[in-house]
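Single-letter residue listing:
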Amino acid sequence: MSLRQITVLGECVADAFAEPASASNELALRVLPGGGPANTAVALARLGTPARFLARLSGDVFGRLFRSHLEASGVDLSCAVPAAEPSTLAVAELDARGQAAFSFHAQNTADWQWSTAELAGVDLSDTSCVHTGSLALVREPGAAVVEDFLAAAAAHATVSIDPNVRPLLVRPEVYRARLAHWCGLADVLRLSEDDLALLLPGTPPEQACDLWHAAGARLVVITRGADGALASLDGERVEVPAVATRVVDTVGAGDSFTAGLLHHLGARGLLGGRLTDLRPGDVAEACLFATRVAALTCSVAGPNPPWQSRLAQCETADHA
């Protein structure tokens, strides 16, 4: 069965990591292409799902890096918009556990300037799922345009949203104010336990799932890092363990999980509508697959999701 296309909409960010410099008064930065939606599109393409990325790509040095990286991973950029504005830059500091704290340089950058005209001509007839989230859904002036696009896309495709809360750039209350509306648009809501803590402080994950189901999301998945993932399909819970791995850093792990989840569901023909054929067993299998994809991303530096061949090698080794 041939896989149908998944369309991802959102930002591509230059992730800059500090490295040892030759002098004490210097700071060397290693720049890798990142940004939650871009990472998800790359991971989908590398897993073998036809992935189209709707992005506003600058013509600056970072924008050229993004374009090269996305194309090399097999992402379809035929609907990407050439943008006059500069690229967004995020400088990452890693702690002892490989967790990244970001500082952003994102004022008036290309990623947030969507217009209705730029998305009006996008053909979704071959798309089984539209995925978006992160800053593209909350940064003005483009956020409302993205929400309108999702509302229209629901007639053709499953809608997936990852809030990916970034409190240094946008206050958590801005996400909270929009979250019920996003649940009304989304069939799939994937978020991390850190997102949950920012969006609904002190709320147990199960209660949060029920709140988001009531607002419209059928499938809610909360990733818990080393503790695996909790998934809830219309209130039926599934828990899956994480895959043990040597963690280099966790950058892009959640995006890779989302890609693994959507790829697995798409490969089984379960995307394309309101998930009416989805069962808890399907969710468990998809989440188990997604945890393997995320673990491989954690085992290397930066947002560098695995190719399908690497995943196959690991599965062969596991069964040897």
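Here is a short report on the structure shown in this document. From a predicted model like this one, the values you see are computed outputs, not experimental measurements. (Residues numbered from 1 in each chain as written. Predicted model: local features only at pLDDT ≥ 70, side-chain atom pairs only at ≥ 80, totals over all residues. Heavy atoms only, no water.)

### So, the environment of Trp112
Note on placement: Trp112 falls in the loop between strand E8 (100–105) and helix H3 (116–120). Judged by its relative accessible area of 1%, Trp112 falls in the buried class. Counting along the chain gives 28 residues from Trp112 to Glu140, while the straight-line C-alpha distance between them is 6.1 Å. Once you skip the residues sitting within four places of it in the chain, Trp112 turns out to touch Glu11, Thr88, Ala106, Leu135, Ala136, Arg139, Glu140, Pro141 and Gly142. (Helix = DSSP H or I, 4+ residues; strand = E, 2+ residues; numbered from the N terminus. Buried < 20%, exposed > 50% of the residue type's maximum accessible area, 1.4 Å probe, protein only. Contact = heavy atoms within 4.5 Å.)

### Focus on helix H5 (residues 172–185)
Its 14 residues place the ends of H5 20 Å apart at the C-alpha level, agreeing with the 20 Å of an ideal helix rising 1.5 Å per residue. Along H5, the residues classified as buried are Pro172, Tyr175, Leu179, Trp182, Cys183 and Leu185. Packed against the buried residues of H5 are helix H4 (143–153), strand E10 (158–162), strand E11 (188–192), helix H6 (193–199) and helix H7 (205–214). (Expected span 1.5 Å × (residues − 1).)

### Quick word on the pairing of E8
The sheet contact formed by strand E7 (residues 88–94) and E8 spans six bridges and is antiparallel. Its bridge partner lying in E8, Ala90 is registered against Phe104. In this structure, the hairpin formed by E7 and E8 is closed by a connection of five residues, where Gly98 is found at a positive phi of approximately 85°. (Pairing = 2+ DSSP bridges.)

### Looking at the side chain of Asp249
Note on placement: Asp249 falls in the loop between strand E14 (236–240) and helix H8 (253–267). Lacking a salt bridge, the buried Asp249 has Arg30 as its closest oppositely charged neighbour, with an N-O distance of 7.1 Å. Here Val251 takes part through its backbone nitrogen, which lies 3.0 Å from a polar atom of the side chain of Asp249. Residues in contact with Asp249, not counting those within four places in the same chain, are Leu94, Gly98, Thr297, Cys298, Val300, Ala301 and Gly302. (Lys, Arg positive; Asp, Glu negative; His and termini not counted. Salt bridge = Lys/Arg side-chain N within 4 Å of Asp/Glu carboxyl O. Polar contact = N/O pair within 3.5 Å; in protein donor to acceptor, adjacent residues only side chain to side chain.)

### Section: the pairing of strand E13 (residues 229–233)
Where burial is concerned, most of E13 is hidden: five out of the five residues are buried. With burial as the criterion, each face of E13 is covered, one bearing Ala229, Ala231 and Leu233 and the other bearing Leu230 and Ser232. Inspection of the sheet shows strand E12 (residues 219–223) paired to E13 by five bridges, in the antiparallel sense. When the bridges of E13 are listed, Val221 appears paired with Ala231.

### Quick word on the packing of H4 against H5
Axis separation between H4 and H5 bottoms out at 9 Å; the angle between their running directions is 25°. In terms of orientation, H4 and H5 fall into the roughly parallel class. Every residue of H5 that contacts H4 at Glu147, Leu150 and Ala151 is listed here: Arg178, His181, Trp182 and Leu185. Here the contact of H4 with H5 is composed, by residue class, of four nonpolar, one polar and two charged. (Axes fitted to C-alpha atoms, helices over the stretch in contact; angles between N-to-C directions. Parallel < 35°, antiparallel > 145°, perpendicular 65-115°, else oblique. Nonpolar A, V, L, I, M, F, W, Y, C, P; charged D, E, K, R; others polar.)

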